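Observations on the model geometry
The primary structure of each chain is shown beneath.
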Amino acid sequence: LSVLAVAPFGPVPGAVLSAMEAALGGAFRLPVVRGDPVDEPARAFTPARAQWSSTVLLEELLARVPPAAARLLGVTERDLFVPVLSFVYGQAQLGGRVAVVSLARLRPEFHGLPPAPAALARRAATEAVHEVGHTFGLVHCLDRRCPMSLSIDLADLDGKTATPCPACAKHLEGSREMRRTRERTEGVRT
Amino acid sequence: MRARWHILVVDDEEAMTESLAAWLREDGYTVDTASSGREAIEKARGREYAIYFVDLKMPGLDGIETMMEIRKLQKEASVIVITAYATVDTAIAAMKEGAQEYVVKPCHPQEISLLVERIIRVKNLQRENAILRRKLTRQYRFHDLVSKSPRMIEIFDLVREIASQRSTVLVQGESGTGKELVARAIHFSGDRGEGPFVAVSCAALAETLLESELFGHEKGSFTGAVAQKQGKFELADGGTLFLDEIGDISPKLQVDLLRVLQERRFFRVGGTTEIAVDVRVIAATHRDLAADVREGRFRDDLYYRLNVINVQIPPLRDRREDVPLLAQEFLDRLSHELGREVTGISEEGLRVLMDHDWPGNVRELENAVERAVVTCKTGVLGAEDFVFLARAAAPAAPGLSLPAGLTLQELEREYIAATLRRTEGNVKAAAEALGIDRSTLYEKVKRYEIPR
């Protein structure tokens, strides 16, 4: 079965995972399954920055993509970085198989605000669609309401919906990768 | 749309290049990477990148050296230097050497995205501007002629209409108005365009030489005729013969030419065999040929034979709307040919060009732009780059005709009077044009009793 799998790195609230799965199912029209939890690789932690390397987490995910899964999305509470940037909300292999989303900066608490579980779930859902969209070859969209638009801060993120804009949806459905994935899914179903 | 913009990321640390490249690719740009200055320069030789991200601290060629080499290859390249906190001072030095921006790593994602977006927005505008400018020039272009003046556009229409006929054309206009360009446009837009276009300046050669030049000669027909030679009429067979300065040919050649035009056949000098040709003749002159006919200097039968279709090119001062268009056209071409980075003409510079009388017409404008491009120090042609025009204007002042036998004093009187007429009595302008001060001019005006 060709599906999208969502796997938590360490403890992640179930409600957030569910919201992400629902958004992915809606946006990509593919079955979504909960993958097994993945242990965080200790080497991903970089003491000098007190952050976790998203690239190392992607490597770890790549080794653990379930055979039936077209894509694997990891979810972590850790604050992620890539070498050239001070932080990232998530990272994906552009046109690849794995992506990761960090909940750390999506939490209001990170910015000194009171917790807001509903907002967290909504942001995580949008970010999940954004990163998985990259794995299907989508690049940043100029439509600020599209989940594929670039979010630099929470205001950007909160302005987005979890449903790709018509242009991105068209691009997605027209992509060879999505057609192949869908054929595999249909083939197993019939 | 962004994918058409190529970005090169240069850093010896693979983790840095890869993470920056991945981030930019997610933004939709096409990104290449290089792990050293040398590799970056090699890649820059192969293609033009819109933006170069260059790390300052690299073994071998460092960031500044790499940037300078890249800018030698691509003057317009935008370079963003990447630096760590420890080397911010060096980054500032890099800015002085021409880097457009610097980023300190690790940097906020917003910084890179906004920076790239800003640079690309400017590049998009520049590209759009260049396309529009090309379109605009194309709209006003007919072969090598550029004009938006209604009188010139009428000429373009006439040229299209007559291009495929065989009738003789007489092109008249002052020196430098582009008579030969009009002749070429007639030739190349008609069905003779595939055939030869042969140009002869009738003023440049003595009568006998011109005769042999036009009609060719047989071996031994005169001293120096060591071999048989084809004339321009034969060379232009199937095409067009352009006879420039036709008003200057001798009475004998006028007769010979008339015969060829009537019969389409001629003898080589010293030859006995008649040669038939299919040639369209376009003649040109800066003279008032009708007046020459009235005064008996030019045969009326030849005049009427040549003047089947008449094209009168207006002087540049009568179509000043073309000055900015032509100046920009010359600037684009000459700055490229001369390898000078001169991008435009300031408003003041343009005003000087618009105010000038252009006695030498388009050719003078082209020379003026060339001279200004060569001496320009700022990258934009300003009024100061065209000061030589004011000085040149005086000797070329129209309205001065000198009868023979003048004394030097009489000549001075005539010249001052002509200059004052040209400046419409403005003593200050006349004194400047004559290169003397006002009091001297007043004194001379008084002495020679020149009316003002």
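One structure accompanies this document, and this report is about it. (Residues numbered from 1 in each chain as written. Chains lettered and ligands numbered in written order. Predicted model: local features only at pLDDT ≥ 70, side-chain atom pairs only at ≥ 80, totals over all residues. Heavy atoms only, no water.)

The secondary structure content of chain A amounts to 6 helices and 8 strands. Counting helices and strands in the order they occur from the N terminus, chain A gives β-α-β-β-β-α-β-β-β-β-α-α-α-α. Among the 190 residues that make up chain A, the fraction classed as buried is 55%. Contacts in chain A between residues at least 24 apart in sequence constitute 67% of all its contacts with a sequence separation of at least 6. (Helix = DSSP H or I, 4+ residues; strand = E, 2+ residues; numbered from the N terminus. Buried < 20%, exposed > 50% of the residue type's maximum accessible area, 1.4 Å probe, protein only. Contact = heavy atoms within 4.5 Å.)

To continue, consider the pairing of strand β3 (residues 51-55) of chain B. All names here are of chain B. Across the 5 residues of β3, 5 count as buried, placing the element largely inside the fold. Neither face of β3 is left uncovered, since the one carrying Ile51, Phe53 and Asp55 and the one carrying Tyr52 and Val54 both have all their residues buried. Pairing of strand β1 (residues 6-10) with β3, which is carried by 4 bridges, proceeds in the parallel orientation. When the sheet's bridge partners are listed, valine 10 is paired in β3 with valine 54. (Pairing = 2+ DSSP bridges.)

Attention now goes to the pairing of β1(B). In terms of residue burial, β1(B) counts as a mostly covered element, since 5 of its 5 residues are buried. Taking every second residue as pointing to the same face, both faces of β1(B) are buried, with His6(B), Leu8(B) and Val10(B) on one and Ile7(B) and Val9(B) on the other.

As a further point, take a nonpolar patch on the surface. A cluster of nonpolar side chains, Leu406(B), Leu408(B) and Leu411(B), forms an exposed patch at the surface whose accessible area comes to about 270 Å². Of note, Leu411(B) is situated in helix α17 (residues 408-422). (Patch = residues over 30% accessible without salt bridge, like charges linked within 9 Å, V, L, I, M, F, W, Y side chains within 5 Å. Areas by Shrake-Rupley, 256 points an atom, 1.4 Å probe, with all protein chains shown as cover. Salt bridge = Lys/Arg side-chain N within 4 Å of Asp/Glu carboxyl O.)

Right, let's talk about the packing of aromatic side chains for a bit. Summed over all chains, the structure comprises 11 aromatic pairs over all chains. Aromatic pair Phe215(B) and Phe266(B): ring centres 5.6 Å apart, planes at 45°, arrangement tilted. Of the two residues, Phe215(B) is situated in helix α8 (residues 207-215) and Phe266(B) in strand β13 (residues 265-267); the sequence distance between them amounts to 51 residues. Across the pair, exposure class does not vary: Phe215(B) and Phe266(B) are buried alike. Seen from their ring centres, Phe233(B) and Phe266(B) are 5.8 Å apart, and the 45° between their planes marks the pair as tilted. Of this pair, Phe233(B) sits in helix α9 (residues 232-235) while Phe266(B) sits in strand β13; the two residues are 33 residues apart in sequence, bridging distant segments of the chain. Each member of the pair, Phe233(B) as well as Phe266(B), is classed as buried. What links up through ring pairs into an aromatic cluster is the set Phe188(B), Phe197(B) and Phe242(B). Directly above the aromatic system of Phe136(A) lies the positively charged group of Arg71(A), at a separation of 4.1 Å from the ring centroid. Stacked on the ring of Trp5(B), the Lys or Arg Arg127(B) has its end atom at 4.4 Å from the ring centre. (Phe/Tyr/Trp six-rings, centres within 6.5 Å; stacked < 30°, edge-to-face > 60°. Lys NZ or Arg CZ within 6 Å of the ring centre and 35° of its normal.)

Let's shift gears to the layout of surface pockets. Residues and elements named next belong to chain B. Reported here for the largest pocket is a volume of approximately 1500 Å³. As for the largest pocket, its lining consists of 39 residues, and the residues nearest its centre are Glu76, Gln126, Ala130, Arg133 and Asp332. Listing elements by their share of the lining of the largest pocket, those giving two or more residues are α5 (109-139) and α13 (322-337). A per-element tally of the lining of the largest pocket places α5 first, with 10 residues. The residue inventory of the lining of the largest pocket, partitioned by class, reads 11 nonpolar, 10 polar and 18 charged. (1 Å grid on protein atoms, 1.4 Å probe; cavity = no way out; pocket = protein on both sides within 12 Å on 5 of 7 lines; lining within 4 Å. Points joined across faces, edges and corners; volume = space filled by probe spheres on them. Nonpolar A, V, L, I, M, F, W, Y, C, P; charged D, E, K, R; others polar.)

In this section: the interface of chain B and chain A. Between chain B and chain A, the residue contacts involve 18 residues of the former and 16 residues of the latter. Summing both sides of the interface, chain B and chain A together bury roughly 1600 Å²; the carbon and sulfur share of this comes to 71%. Summed over the shared surface of chain B and chain A, the result is 0 salt bridges. Joining chain B to chain A, the criterion identifies 6 residue pairs in polar contact (both at pLDDT 80 or more). Going through the elements one at a time, α1 (14-26) and α5 of chain B are the ones with two or more residues in the side of chain B that touches chain A. At 7 residues, α1(B) tops the list of elements feeding residues into the side of chain B that touches chain A. In terms of residue class, the side of chain B that touches chain A is built from 8 nonpolar, 5 polar and 5 charged. (Buried area = accessible area lost by both parts, 1.4 Å probe. Polar contact = N/O pair within 3.5 Å; in protein donor to acceptor, adjacent residues only side chain to side chain.)

A separate point is the side chain of Gln254(B). Residues and elements named next belong to chain B. Along the chain, glutamine 254 falls in helix α10 (residues 251-263). Overall, the relative accessible area of 2% leaves glutamine 254 in the buried class. Ignoring anything within four residues of it in the chain, the contact list for glutamine 254 reads Ile249, Arg297, Phe298, Arg299 and Leu302.

Using the criterion set out here, one finds 2 cavities of 30 Å³ or more in the structure. Reported here for the largest cavity is a volume of approximately 100 Å³. With 3 residues, helix α3 (residues 117-135) of chain A is the single largest residue contributor to the lining of the largest cavity. Of the residues belonging to the lining of the largest cavity, the class tally is 6 nonpolar, 4 polar and 3 charged. The wall of the second largest cavity is formed by Val82(A), Leu85(A), Val88(A), Gly90(A), Gln91(A), Ala92(A), Ser19(B), Ala22(B), Trp23(B) and Glu26(B). The set of elements that each furnish at least two residues to the lining of the second largest cavity consists of β7 (90-92) of chain A together with α1 of chain B.

Taken as a whole, this structure holds 50 salt bridges over all chains when the rule is applied. Where Arg43(A) meets Glu60(A), a salt bridge forms, and the shortest distance between an N and an O atom there is 3.6 Å. Highlighted residues: Arg43(A) in the loop between β2 (32-34) and β3 (45-46) and Glu60(A) in helix α2 (residues 54-62), separated in sequence by 17 residues. Salt bridges sharing partners connect three or more residues here, namely Asp248(B), Arg287(B), Asp292(B), Glu295(B) and Arg297(B).

In this section: the nonpolar core. Among the nonpolar cores identified, the biggest contains 45 residues, and Leu24(B), Ile51(B), Phe53(B), Ile112(B) and Val116(B) are the most heavily contacted of them. Discounting chain neighbours no more than four positions away, the residues touching Leu24(B) are Ile7(B), Val9(B), Tyr29(B), Val31(B), Phe53(B), Ile112(B) and Val116(B). Ranked by size, the runner-up nonpolar core spans 37 residues in total, among them Val129(A), Val132(A), Cys141(A) and Cys165(A). (Core = buried A, V, L, I, M, F, W, Y, C linked by side-chain atoms within 4.5 Å.)

Residue and element names in this part refer to chain B. Looking at the secondary structure, you find threonine 177 in the loop between β8 (169-172) and α7 (179-189). Judged by its relative accessible area of 3%, threonine 177 falls in the buried class. Among the polar contacts listed, one links the side chain of threonine 177 to the backbone oxygen of glutamate 174, at a separation of 2.6 Å. Not counting the four nearest positions on each side in its chain, threonine 177 is found in contact with Ile313, Pro314, Pro315, Arg319, Asn361 and Val362.

As a further point, take unusual backbone geometry. Residues and elements named next belong to chain B. Following lysine 105, the chain continues to proline 106 via a peptide bond in cis, the omega torsion being -5°. Within the element layout of this structure, proline 106 appears in the loop between β5 (101-104) and α5. Here glutamate 245, not a glycine, exhibits a phi torsion of approximately 55°, which is positive. By secondary structure assignment, the location of glutamate 245 is in the loop between β12 (240-244) and α10. With relative accessibility at 14%, the residue glutamate 245 sits in the buried group. Of note, the phi angle at glutamate 449 is positive, near 55°, even though the residue is not glycine. Tracing the backbone through its elements, the reader meets glutamate 449 in the segment after α19 (438-447).

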